[in-house]
Amino acid sequence: EIKQKSKSTECSTYKEYAECVSKLDELDGLDAWRINKHSSLYSYDRLNTDLLEISKFRRKCENYTFNMMNNNGSISINGGSNPESHMHPMREFMQFLRSRIERNYSGITNPGLYSMTKVGTKKLIEDFIDQICQSLEYIASNCDDCDISVAEKIVYFNEIRHCMGRTALCLS
């Protein structure tokens with residue numbers, strides 16, 4: 001452990017430092033804290049449910065795109081007779097994500113969640129943030145679906161940027 005601590009002071013990149021102190025956290029038994037999703041500091045049930053929903057939406061979008069490509073565009077969303085009466089799966093997914101992307105969603109920025117380990121926080125929170133990022137990349141890079149225009153995506157990402165806001169340092 002002492003060897004690992006001295007090694008952490010010699011790191012030249014954040015990646016090296018993160019790997020080194022993660023090993024220290026493991027030695028201290030803090031990896032069990034990270035893996036255990038339960039905590040009164042954030043809404044872990046909500047995040048867990050949202051992670052499952054994100055997976056469902058991704059599958060739904062991928063299935064829709066696959067079916068559109070295989071049926072030459074003749075598909076009825078949700079099997080209904082009037083496709084206009086149902087929301088496009090990608091738009092539904094975008095709406096879902098928009099409602100989850102906000103500062104301190106479900107308490108995930110609570111300082112107590114970031115002071116237990118030397119780097120990182122609960123694995124559930126890290127997984128949630130990773131899935132949100134991957135989902136946004138999926139939406140941005142999805143060119144197979146011509147129902148969602150580039151202009152619509154730009155508006156969407158601008159709305160999300162606005163919801164998150166920007167931090168500012170105000171000096172008087």
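Residues numbered from 1 in each chain as written. Predicted model: local features only at pLDDT ≥ 70, side-chain atom pairs only at ≥ 80, totals over all residues. Heavy atoms only, no water.

Draft legend 1. Main features of the side chain of R58. With respect to the helices and strands, R58 occurs in helix 4 (residues 44-70). Other than its neighbours up to four places away in sequence, R58 contacts F93, Q134, S135 and Y138. (Helix = DSSP H or I, 4+ residues; strand = E, 2+ residues; numbered from the N terminus. Contact = heavy atoms within 4.5 Å.)

Draft legend 2. Structural context of helix 4. With 27 residues, helix 4 extends 39 Å between its outermost C-alpha atoms, agreeing within 8% with the 39 Å of an ideal straight helix rising 1.5 Å per residue. Turning to helix 4, the residues buried within the fold contact helix 5 (89-100) and helix 6 (123-141). (Expected span 1.5 Å × (residues − 1).)

Draft legend 3. Region of the structure containing the nonpolar core. In this structure, L47, M90, F93, L97 and F128 are the most contacted members of the largest nonpolar core, which totals 26 residues. Breaking this core down by element, the ones donating at least two residues are helix 4, helix 5, helix 6 and helix 7 (150-164). Looking at which element gives the most residues to this core, the answer is helix 6, with seven residues. The residues contacting F128, other than those within four sequence positions of it, are L47, D50, L51, I54, R100, Y105 and I108. (Core = buried A, V, L, I, M, F, W, Y, C linked by side-chain atoms within 4.5 Å. Buried < 20%, exposed > 50% of the residue type's maximum accessible area, 1.4 Å probe, protein only.)

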